[in-house]
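# Secondary and tertiary structure notes
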Amino acid sequence: MFRDDPAAARTPLTATQQAETGWSDKRHKADLEWADRITTRYPYYLEEKRLELAAHDARSIPSMVAQDVKQSIEITNMQLMQILQHITASPSHTTFYPTQHSVIGAPVQRQPAPAAAPSPILPSSLQPQGQSSMPVTQSLTLGDGQQLVFTADDVPVPPAVSFARDIATLNMMWDDTSEHWKNDSKMRIKGIPIAIVYWNDIYTSKPNINWKPKQWKGIKGKWFNWKVIVRRYRESSPDQFWATFSENGQHLGYKAILGRLSLERKEKNRLLAEKIKAEYGDKFPEVFCYKKNGKIHVKIRDCDIIKQYHKEKGIVGEEDEAEDIDEAEAEDE
């Protein structure tokens, strides 16, 4: 039926036709072998009956293959169960894993479980509860060029100190880069005296780090007042300073001095803000403004105007006279 079919003598398929029909030498050989099996299995049937039986035989192939696959899966599952039971029954607590080239049913080569990767060191504020980490360190460059590295535990609480009756000592302890520095301070880290000017950097909280929380808040106002007084004290000699801040031959008190300095600073800022407004003219409202609740507002506070002016002009490295007046409110010491 198959070998004597006149169609077998027809013109061979072209390469394009072979690609479209999926024809290949391997497939052609398999088809011929299948035809021989049908002819051998049903030698006495007519051609029409053979075609019917061949179609039935072809339909039965997938189910036969599926049955073989199912049986193979069941055998594989049984082998896996035996391996797992063997591992569970082992007296050792070490977990083993089959190698990449292990074969089901063959002896499994066991290897120790890979060691867990070390946990990353997190900042103390991000460290999960119950875990420890290396202490966070900060560094400070002192006036003599020395690099001081320290942890939060090295830093004491802000000193409870007052300079209300001793402005000269405040002046000597303020910084370590001027001629007034006497290598002495009310605060020390690792035995090294720390000038007051650095206290802001030492106690201010750092981003994402639980560094001396809320400690700077209690001393911030005093520190600002100290800076204001030292700045004014150094504008002239000590005698000239006290000549300005005395009445009836008596030195003014600490709060009275801060009050006068506040008035001086307000007047100085007012005059500077007026010059800035005159410089920008009609463009002032467009430049010195901010947005709040969806509305545009023109800045009116002198200190805010001066701060933005410095930013617009790129003025850096100078003492900023535009600091918020509220910071300079006198405190009892």
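These numbers come from a predicted model, not from an experiment. (Residues numbered from 1 in each chain as written. Predicted model: local features only at pLDDT ≥ 70, side-chain atom pairs only at ≥ 80, totals over all residues. Heavy atoms only, no water.)

### Thoughts on the packing of helix α6 (residues 220-233) against helix α8 (residues 254-280)
Describing two packed helices takes the angle between their axes plus the distance from one axis to the other. Between α6 and α8, whose axes approach to 11 Å, the crossing angle comes to 75°. Accordingly, the angle class assigned to the pair α6 and α8 is roughly perpendicular. On α8, the residues that touch Phe224, Asn225, Trp226, Val228, Ile229 and Arg232 of α6 are Tyr254, Leu258, Leu261, Glu264 and Arg265. Classifying every residue of the contact of α6 with α8 gives seven nonpolar, one polar and three charged. (Axes fitted to C-alpha atoms, helices over the stretch in contact; angles between N-to-C directions. Helix = DSSP H or I, 4+ residues; strand = E, 2+ residues; numbered from the N terminus. Parallel < 35°, antiparallel > 145°, perpendicular 65-115°, else oblique. Contact = heavy atoms within 4.5 Å. Nonpolar A, V, L, I, M, F, W, Y, C, P; charged D, E, K, R; others polar.)

### So, the nonpolar core
The biggest cluster of nonpolar side chains holds 40 residues, and the ones touching the most others in it are Ile194, Ile196, Trp199, Ile202 and Trp226. For this core, the secondary-structure elements that each account for two or more residues are β4 (147-151), α4 (167-173), α5 (199-203), α6, α7 (238-244) and α8. Sort the elements by how many residues they give to this core and α6 lands first, with seven residues. Other than its neighbours up to four places away in sequence, Trp199 contacts Pro159, Val161, Ser185, Lys186, Met187, Ile194, Trp216, Ile219, Trp223 and Trp226. (Core = buried A, V, L, I, M, F, W, Y, C linked by side-chain atoms within 4.5 Å. Buried < 20%, exposed > 50% of the residue type's maximum accessible area, 1.4 Å probe, protein only.)

### Quick look at the packing of aromatic side chains
Going through the model one piece at a time under the given rule, you end up with eleven aromatic pairs. Relative to Trp223, the ring of Trp216 lies with its centre 5.6 Å away and its plane at 70°, an arrangement referred to as edge-to-face. The burial state of Trp216 is the same as that of Trp223; both residues are buried. Measuring from centroid to centroid gives 4.7 Å for Phe284 and Phe288, while their planes differ by 15°, and the two rings are stacked. Like Phe288, Phe284 is buried. An aromatic cluster is present here, built from Tyr233, Phe241, Trp242 and Phe245 joined pairwise through their rings. (Phe/Tyr/Trp six-rings, centres within 6.5 Å; stacked < 30°, edge-to-face > 60°.)

### Topic: the environment of Glu267
You can see Glu267 is positioned in helix α8. Once the C-alpha coordinates of Glu267 and Asp302 are considered, the two residues, 35 residues apart in sequence, prove to be 9.6 Å apart. Of note is the side chain of Glu267, whose polar atom sits 2.8 Å from the side chain of Arg270. (Polar contact = N/O pair within 3.5 Å; in protein donor to acceptor, adjacent residues only side chain to side chain.)

### Brief notes about the environment of Lys214
Tracing the chain through its elements places Lys214 in the loop between α5 and α6. On the basis of relative accessibility, which here comes to 76%, the residue Lys214 falls in the exposed class. For Lys214 and Thr204, which are ten residues apart along the polypeptide, the C-alpha to C-alpha distance reads 8.4 Å.

### A closer look at the confidence of the model for the chain
Residues at a pLDDT of 70 or more form 57% of the chain, whose mean pLDDT is 75. Note on residues 61-65: pLDDT under 50 across the span, and zero contacts to partners over four residues away in sequence or across chains. (pLDDT = per-residue confidence, 0-100.)

### Focus on unusual backbone geometry
For Asn183, which is not glycine, the phi dihedral falls at a positive 55°. For Asn183, the location among the structural elements is in the loop between α4 and β5 (188-189). According to the relative accessible area criterion, Asn183 is exposed, its value standing at 52%. The phi dihedral of Asn248 is positive, around 55°, even though this residue is not glycine. When you line up the elements, Asn248 lands in the loop between β7 (246-247) and β8 (250-251).

### A short note on the pairing of strand β9 (residues 289-292)
Where β9 lies against strand β10 (residues 295-298), four bridges are found, and the strand directions are antiparallel. Looking across to β10, one finds that Lys291 is bridged to Ile296. Hairpin geometry of β9 and β10 is characterised by an intervening segment of two residues between the two adjacent antiparallel strands and by a positive phi of about 55° at Asn293. (Pairing = 2+ DSSP bridges.)

### A closer look at the pattern of salt bridges
Enumeration according to the criterion identifies eight salt bridges in this entry. Here Lys313 and Glu279 are joined by a salt bridge, their closest N and O atoms 3.2 Å apart. Here Lys313 is found in helix α10 (residues 302-313), whereas its partner Glu279 is found in helix α8, with 34 residues between them in sequence. Assessed through its relative accessible area of 43%, Lys313 is described here as partly exposed. Linking Asp304 and Arg301 is a salt bridge whose minimum nitrogen-to-oxygen distance equals 3.1 Å. When its relative accessible area of 24% is taken as the criterion, Asp304 is described as partly exposed. Judged by relative accessible area, which is 37%, Arg301 ranks as partly exposed. By sharing partners, the salt bridges in this structure join Arg232, Glu235 and Glu264 into a single network. (Salt bridge = Lys/Arg side-chain N within 4 Å of Asp/Glu carboxyl O.)

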